[in-house]
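# Fold and contact review
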Amino acid sequence: GDSGAGVSGGDDVGVISVVDAYTLKPVGTVLAHRAPVQALCLNPSGQLLATASTKGTVVRLFAVPSLEMVFSFRRGTSSCRIFALLFSRDSGHLCASSA
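What this report covers is the structure whose coordinates are included nearby. Note that the structure is predicted; figures quoted are calculated from it, not measured.

### Overview of the overall build of the protein
Looking only at helices and strands, one finds zero helices and nine strands in the protein. Listed by position from the N terminus, the elements making up the protein come as β-β-β-β-β-β-β-β-β. The proportion of buried residues among the 99 residues of the protein is 34%. Residue pairs at least 24 apart in sequence account for 28% of intrachain contacts in the protein once pairs closer than 6 positions are excluded. Accessible surface, the protein as shown: approximately 5,900 Å² in total, 54% of it carbon and sulfur.

Structure follows, in structure tokens:
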């Protein structure tokens with residue numbers, strides 16, 4: 001089924017834990033960024049996870065449930081705040097809103 005994603009706190013900066021929302025069992029955990037996670041989203045089928053950190057220089061794409069990194073998009077070298085990530089319905093595009 002579709003999975004829900006949550007960000008763990010504490011010393012696990014940049015770590016994302018994915019939990020199956022139906023069974024409440026852990027799917028896996030991944031160190032997505034070295035900085036705290038600012039934004040994340042699952043694509044409509046729940047097979048891709050996009051993440052951005054508070055630095056905002058890189059957006060990473062992970063396969064779900066394996067949590068293997070599929071791709072890393074470099075936005076630039078200067079920091080910015082990414083407020084939201086959103087996949088298109090067919091997952092062909094990924095939109096990031098930033099300032």
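After presenting the structure, the write-up continues.
### Some words on the sheet that holds strand β5 (residues 48-53)
Sheet strands pair by backbone hydrogen bonding; their relative direction is either parallel or antiparallel. Taken in spatial order, the four strands make up an open sheet running β4-β5-β6-β7, and their pairing is antiparallel. If you trace the sheet from one side to the other, it starts and ends with β4 (37-42) and β7 (69-74), each paired once. Neighbour to neighbour, the strand axes of the sheet diverge by 15 degrees on average, direction disregarded. Judged from the five bridges that link them, β4 and β5 form a sheet pairing that is antiparallel. Bridge assignment links Ala 39 to a residue of β5, and that residue is Ala 52.

Conventions and cut-offs
Residues numbered from 1 in each chain as written. Predicted model: local features only at pLDDT ≥ 70, side-chain atom pairs only at ≥ 80, totals over all residues. Heavy atoms only, no water. Helix = DSSP H or I, 4+ residues; strand = E, 2+ residues; numbered from the N terminus. Buried < 20%, exposed > 50% of the residue type's maximum accessible area, 1.4 Å probe, protein only. Contact = heavy atoms within 4.5 Å. Areas by Shrake-Rupley, 256 points an atom, 1.4 Å probe, with all protein chains shown as cover. Pairing = 2+ DSSP bridges. Axes fitted to C-alpha atoms, helices over the stretch in contact; angles between N-to-C directions.

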